[in-house]
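# Structural features, examined
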Amino acid sequence: MSQRACKWYLLCPMKVYYEQGNLDRKWIDNYCLGDWGSCIRYQMEQRGQAHPDYMLPNGELRKELAR
Ligand code: SF4
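Below is a short write-up of the structure. Numbering of residues begins from 1 in every chain and follows the order in which that chain's sequence is written. Selection of residues for local features in this predicted model requires a pLDDT of at least 70, selection of side-chain atom pairs for listing and counting requires 80 or more, and totals for whole chains, interfaces and linings are taken over all residues. Note that water and hydrogens are dropped before the side-chain values are worked out from all heavy atoms of the structure.

### Focus: the environment of K63
Considering the arrangement of structural elements, one finds K63 in the segment after α3 (40-46). It is 9.1 Å that separates the C-alpha atoms of K63 and P52, two residues lying 11 residues apart in sequence. Think of it this way: any DSSP run of H or I at least four residues long counts as a helix, any run of E at least two long counts as a strand, and we number them from the N terminus.

Below, the structure is given as structure tokens:
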């Protein structure tokens, strides 16, 4: 586990959803402040691949998060 937060955290829609109360804290703890290398969003960002804001770190799509 990394001691540092994911480099995208401050810009990531997961942070916004969490702060709005729409996303469980476990996603932040497990990925953004934990094993961010295993985050699908992170991996796609590294490859320059587009991905929707409402895609969770495990690749699951949660359209209800989009507005
Ligand atoms: S969701 Fe993924 S890309 Fe976004 S901050 Fe968390 S670990 Fe990084």
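### Examining the packing of aromatic side chains
Working definition: rings of Phe, Tyr and Trp (its six-membered ring) pair if their centres are within 6.5 Å, and the pair is stacked with planes under 30 degrees apart, edge-to-face with planes over 60 apart, and tilted otherwise. Summed over all chains, the structure comprises two aromatic pairs. When the centroid spacing of 6.0 Å and the interplanar angle of 20° are considered together, the rings of W27 and Y31 count as stacked. Taken together, the residues span about one helical turn, with W27 and Y31 both in helix α2 (residues 25-32) at a distance of four residues.

### Overview of the layout of surface pockets
By volume, the largest pocket amounts to about 180 Å³. As for the largest pocket, its lining consists of 15 residues, of which C6, W8, C12, R41 and Y42 are closest to the centre. Those elements that place two or more of their residues in the lining of the largest pocket are α1 (13-19), α2 and α3. Considering each element in turn, the lining of the largest pocket owes the most residues, three residues, to α3. Residues belonging to the lining of the largest pocket are distributed by class as follows: 12 nonpolar, one polar and two charged. Cavities and pockets were defined on a 1 Å grid built from protein atoms only: a cavity is a group of points that admits a 1.4 Å probe but offers it no way out, a pocket is an open group of points flanked by protein on both sides within 12 Å along at least five of seven lines, and a lining residue is one with an atom within 4 Å of any such point. Grid points are joined across faces, edges and corners, and a volume is the space filled by probe spheres set on the points. Under the convention adopted here, Pro, Cys and the residues Ala, Val, Leu, Ile, Met, Phe, Trp and Tyr are nonpolar, Asp, Glu, Lys and Arg are charged, and Gly plus all remaining residues are polar.

### What to know about the environment of L61
Mapped onto the elements, L61 comes out in the segment after α3. The spacing of L61 and H51 is 10 residues in sequence and 9.8 Å in space, taken between C-alpha atoms. We call two residues in contact whenever any of their non-hydrogen atoms come within 4.5 Å of each other. Those residues within four positions of L61 in sequence are excluded, and the remaining contacts are P52, Y54 and M55.

### Looking at the site of the ligand
Throughout, near means a residue has at least one heavy atom within 4 Å of the molecule or strand. Around the ligand, a shell composed of C6, W8, Y9, C12, M14, Y31, C32, W36, C39, R41, Y42 and P57 is seen. With respect to the pocket detection grid, the ligand is positioned in the largest pocket. Elements with a contribution of two residues or more to the shell around the ligand: α2 and α3. Per-class residue counts for the shell around the ligand are 11 nonpolar, no polar and one charged. For a molecule to be placed in a cavity or pocket, more than half of its atoms must lie within 2 Å of the grid points of that cavity or pocket.

### Topic: the nonpolar core
Throughout this description, the term nonpolar core refers to a set of buried Ala, Val, Leu, Ile, Met, Phe, Trp, Tyr and Cys residues connected via side-chain atoms within 4.5 Å. Throughout, exposure labels follow a simple rule: accessible area from a 1.4 Å probe, protein chains only, divided by the maximum for the residue type, with under 20% read as buried, over 50% as exposed, and the rest as partly exposed. Ranked by size, the top nonpolar core spans 15 residues in total, and within it M14, Y17, L23, W27, I28, L56 and L65 carry the most contacts. Elements that contribute at least two residues to this core include exactly α1 and α2. Residue contributions to this core peak at four residues, all from α2. Leaving out residues up to four positions away in the same chain, L23 has contacts with M14, Y17, Y18, L56 and L65.

Nothing here speaks to function; it is all geometry.
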